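Single-letter residue listing:
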Amino acid sequence: MVNEQLIWAIFFLPLASFALIALVIRPFFNHASVISGPIAVVSIGASFVISILTFIDTTINQHNPIGDPKDWLSIGNFELQIGILLDPLTATMLVVVTGVSLMVQIYSTFYMKAPTPDHESENHENNAEPVELGQPVYARYFAYMSLFTASMLGLVMAANVVQLFVFWELVGLCSYLLIGFWFHRPAAAAAAKKAFIVTRVGDFGFLLALMYLFSKTYQENINYLNIQTINENLPALVSSGTLGAGALTLIAIGFFVGAIGKSGQFPLHTWLPDAMEGPTPVSALIHAATMVTAGVFLVGRFFPLFQASQDAMMLVALVGGITALFAATMGLVSNDIKRVLAYSTVSQLGYMMLALGIGAYGVAIFHLFTHAFFKALLFLGSGSVNHATGTFDMRFMGGLRKKMPITYITFLIGSLSLAGIFPLAGFWSKDEILLNSFKSGTEGGELVSMIVFVLAIIAVFMTAFYMFRALFMTFEGEFRGGSEKDPEANAHGPVHLAESPSLMVIPMVILAIPAVLIGVLANPPREFLGIEAHWMVHTLDHMYHIPAGEGFDVSLAAVSTLVALAGIVLAIAMYKPKPLISPESIGKTLRPVHTLLYRKYYFDELYEGIFVRQIYYRGLALASDWTDRNIVDRAVNIVGWTGANFGGLIRQFQNGQMQMYATVTSIGIIVITAIFIFGD
């Protein structure tokens, strides 16, 4: 059994790793920065072990060792308390964050090394070009990664909204630092700024919701800053008439706007594909376990609020369904392997939001749980391929199946799981989402549920197609030159077609195991090896007193599998060697559609050209400039002119002539005497 001090250690161990690396190793021992990797691995590994124990204690043993939150600040009736909110959602997220982060840190210890010691020292000594790998940046990288992990852990453990919001912003800051890790690259610097600014739009909505919540509840007798208090009592305020239903809906929508920004949901999705400019292990951590899952976690954390507002639930479902299909369409034509995976992340997060919107809370978190492992596996596989070829552009890959057999097999497992093929992990969680949306639409008569089910089933086909398109373009056929042929590649060494080193391969092999088994072990359709049927979903649903959802439906599972297989067959027909269908001919026939998808529906042009240049620069900025020059500056100048000229008038009386002073004094005496005599 774990205790509260051990659970706090889950957060403080990665934080201590950050402090040690950033404040000691980086400034004083950077020549020995290679020890930064093991420090991060050991600290996060220890957090992972404690997280596993906490998960077992919380979800299986039904034991909660956390005491009441501790008073941190008291001002009059205002009280801010700090503590841990430990429930099955927290326990699940702790395992996801620490488990994936541990694999990413192990992988990074080799990935972030320079290709050769000579190459590293030569660049460092001669400053011929900015150093991207090895000793000069090693400590900075692992310091950022440790802080990133600690911030996400702090977010999921937070017991009140102030605590949560602080770590929410820290996660955003860390993503900015890691996406722009190679800040000397213009594309990386621009991507970091884009991620930071776009997510700030969502965060502003989240902050407004928190302020509105406080304004509506600060006079209540109980503390509505505590998350558990909000979930248990705020919907009851609507029932009693103390709080209007519209106010509750506005608070829920404000929270959801924050989630849209963090999780890259439509229409704030544009930052996520560009975030691929960071190192590949960073992409794995962002997309699998930290930044983007924070939005889904936020909606899940405040799920009772959303349940109490039908309008908010409908919005969540529709945005999720639209995003699932919308992002999948862009993955069909992308040539960058990391961007394909990025679009798949946006799409899968859409599935999770869709599930939350139709009330399938436990199913949504179950899909988040399974997705973390196979998505981390796929990103690490893309990094392994890049390590060999020097490029992420699949048009310059090919022929790697025999050269990199372990990477190929693990990437195949991840692709099958993402496509939802039986019996891999993704099959079980995606099938439950489809089943719940279908049953809610047909038996419950919910039109929104039926709409999102159709969107989701189309996205199943597209997901299978673009993942196997990526697999065949990367591993099949003949090698097409890698970085030596790609003019836009940022290679860290020469092309060397061989399997990646063991420190990169082992994490992929480990992640492949849950990508296969975790679905059936965490949520079996029937009692299996003593494991209760649907135990994970039922445990998660039970915390919010949600009735047990739909069981396993063989017919719907068969339909979704056939749809996925159809996508795979089409990918084989188009991208295997000697294809039956020419991708070029399809592209020419559907040129307008292809261009629309390749240009990402022109959202970047819309935001940059209309919102930034036209509305902001030529509208708000020009109006602000005119106001500043013509109103603010002129008001200040008038005040200055008045003071200067009035002072000049007064100065005439202060000329240093005694006669003038005597005259003014005499006149004053006469005036005062006259007032005294004739005042009555």
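Per chain, residue numbering runs from 1 following the sequence as it is written. Under the rules for a predicted model, residues below a pLDDT of 70 receive no local features and side-chain atom pairs below 80 are neither given nor counted, while totals for whole chains, interfaces and linings still include all residues. Computation of side-chain values covers all heavy atoms of the structure but excludes hydrogens and water.

A. Quick peek at the overall build of the protein chain. When helices and strands are counted, the protein chain shows 26 helices and two strands. Across its three principal axes, the protein chain shows a C-alpha extent of roughly 115 × 70 × 55 Å. Going through the 680 residues of the protein chain one by one, you find that 55% of them count as buried. Contacts spanning at least 24 positions in sequence make up 79% of the contacts within the protein chain whose residues lie at least 6 apart. Reported accessibility uses the Shrake-Rupley method at a 1.4 Å probe radius. Residues are deemed covered only where the shown protein chains occlude them. With the model as given, the accessible surface of the protein chain reaches about 29,000 Å², and the carbon-plus-sulfur share is 66%. Between the averaged position of the 35 positive side-chain charges in the protein chain and that of its 44 negative side-chain charges there is a distance of 11 Å. Runs of E in the DSSP output that reach at least two residues are strands. Runs of H or I that reach at least four are helices, and both are numbered from the N terminus. For every residue, the accessible area (1.4 Å probe, protein chains only) is compared with the maximum for its type, and the residue is labelled buried under 20%, exposed over 50%, or partly exposed between those bounds. The contact criterion used throughout is that any non-hydrogen atoms of two residues lie within 4.5 Å. In this tally, Asp and Glu contribute negative charge and Lys and Arg positive charge; neither His nor the terminal groups of the chain are included. All charge positions are set by atom: Lys at NZ, Arg at CZ, Asp at CG, Glu at CD.

B. Just the packing of aromatic side chains, in detail. Pairing of aromatic rings covers Phe, Tyr and Trp, the last through its six-membered ring, and needs centres within 6.5 Å; plane angles under 30 degrees mean stacked, over 60 mean edge-to-face, and all others mean tilted. What the rule picks out here adds up to 36 aromatic pairs. Measuring from ring centre to ring centre gives 5.3 Å for phenylalanine 422 and phenylalanine 427, while their planes differ by 85°; the resulting arrangement is edge-to-face. The class for phenylalanine 427 is buried, based on a relative accessible area of 3%. Distance and angle both matter: a charge sits over a ring if NZ of Lys or CZ of Arg is within 6 Å of the ring centre and within 35 degrees of the ring normal. The lysine or arginine in question, arginine 140, covers the ring of phenylalanine 181, its NZ or CZ lying 4.0 Å from the ring centre. Across from the ring centre of tyrosine 351, 5.2 Å away, lies the NZ or CZ of lysine 430, which sits over that ring.

C. Quick look at the nonpolar core. In this structure, Leu234, Phe255, Phe306 and Tyr361 are the most contacted members of the largest nonpolar core, which totals 208 residues. It is helix H19 (residues 447–475) that contributes the most residues to this core, 19 residues altogether. For leucine 234, the contacting residues outside a window of four places in its chain are Leu213, Thr217, Tyr224, Thr229, Leu243, Leu248, Ile251 and Leu305. Residues belong to one nonpolar core when they are buried, are Ala, Val, Leu, Ile, Met, Phe, Trp, Tyr or Cys, and are joined through side-chain atoms within 4.5 Å.

D. Representation of the pattern of salt bridges. Should a side-chain nitrogen of Lys or Arg be within 4 Å of a carboxyl oxygen of Asp or Glu, the pair is scored as a salt bridge. This model, assessed by the stated rule, comprises 15 salt bridges. The shortest N-O distance in the salt bridge between arginine 395 and aspartate 393 comes to 2.7 Å. Between lysine 439 and aspartate 553 there is a salt bridge, with the nearest N and O atoms lying 3.8 Å from each other. Of the two residues, lysine 439 is situated in helix H18 (residues 425–442) and aspartate 553 in the loop between helix H21 (535–542) and helix H22 (554–575); the sequence distance between them amounts to 114 residues.

E. Structural context of the domain arrangement of the protein chain. Where a domain begins and ends is set by an automatic assignment or by a domain database. According to the domain assignment, the protein chain contains domain 1 (1–69 + 78–113 + 135–159) and domain 2 (583–629). Distance from the C-alpha centre of domain 1 to the C-alpha centre of domain 2: 40 Å.

F. Spatial organisation of the pairing of strand S1 (residues 70–75). With zero of six residues buried, S1 lies mostly on the surface of the structure. Strand pairing is assigned whenever DSSP detects at least two bridges linking the two strands. Both S1 and strand S2 (residues 78–82) contribute to a ladder of five bridges, which runs antiparallel. Residue pairing in the sheet places isoleucine 75 in a bridge with phenylalanine 78 of S2. The loop that links S1 with its antiparallel partner S2 comprises two residues; one of these, glycine 76, has a positive phi angle of about 60°.

G. Expanded view of the side chain of threonine 463. By secondary structure assignment, the location of threonine 463 is in helix H19. Assessed through its relative accessible area of 0%, threonine 463 is described here as buried. With residues up to four places along the chain from it excluded, the contact list for threonine 463 reads Ser347, Gln348, Leu418, Ala419 and Lys430.

H. Structural detail: the environment of isoleucine 670. For isoleucine 670, the location among the structural elements is in helix H26 (residues 658–678). Considering only alpha carbons, one finds isoleucine 670 and leucine 529, 141 residues apart in sequence, at a separation of 112 Å.

I. Structural detail: the side chain of arginine 140. Considering the arrangement of structural elements, one finds arginine 140 in helix H5 (residues 135–157). The class for arginine 140 is buried, based on a relative accessible area of 13%. Contact partners of arginine 140, with chain neighbours within four places excluded, come to Arg26, Phe181 and Phe183.

J. Main features of helix H15 (residues 337–357). By definition here, a helix of n residues has an expected span of 1.5 Å times n minus one. In this model, H15 (21 residues) spans 30 Å end to end at C-alpha, consistent with the 30 Å of a helix rising 1.5 Å per residue. The buried fraction of H15 is high, at 21 of 21 residues. Positive backbone phi, at 95°, marks glycine 359, one or two positions downstream of H15.

K. Here's a closer look at the packing of helix H6 (residues 161–179) against helix H7 (residues 186–217). At a minimum axis distance of 8 Å, the contact between H6 and H7 shows a crossing angle of 170°. The angle between H6 and H7 falls in the class roughly antiparallel. For the pair formed by H6 and H7, the contact residues are Val161, Leu164, Phe165, Trp168, Glu169, Gly172, Leu173, Tyr176 and Ile179 on the first element and Ala188, Ala191, Ala192, Lys193, Ala195, Phe196, Arg200, Asp203, Phe206, Leu207 and Leu210 on the second. Residues were grouped as follows: Ala, Val, Leu, Ile, Met, Phe, Trp, Tyr, Cys and Pro as nonpolar; Asp, Glu, Lys and Arg as charged; and all remaining residues, including Gly, as polar. Of the residues contributing to the contact of H6 with H7, the split by class is 15 nonpolar, one polar and four charged. Fitted lines through C-alpha atoms serve as axes, helices being fitted only where they are in contact, and the angles separating the N-to-C directions of these axes extend from 0 to 180 degrees. Note on terminology: angles under 35 degrees are roughly parallel, angles over 145 are roughly antiparallel, angles of 65 to 115 are roughly perpendicular, and the others are oblique.

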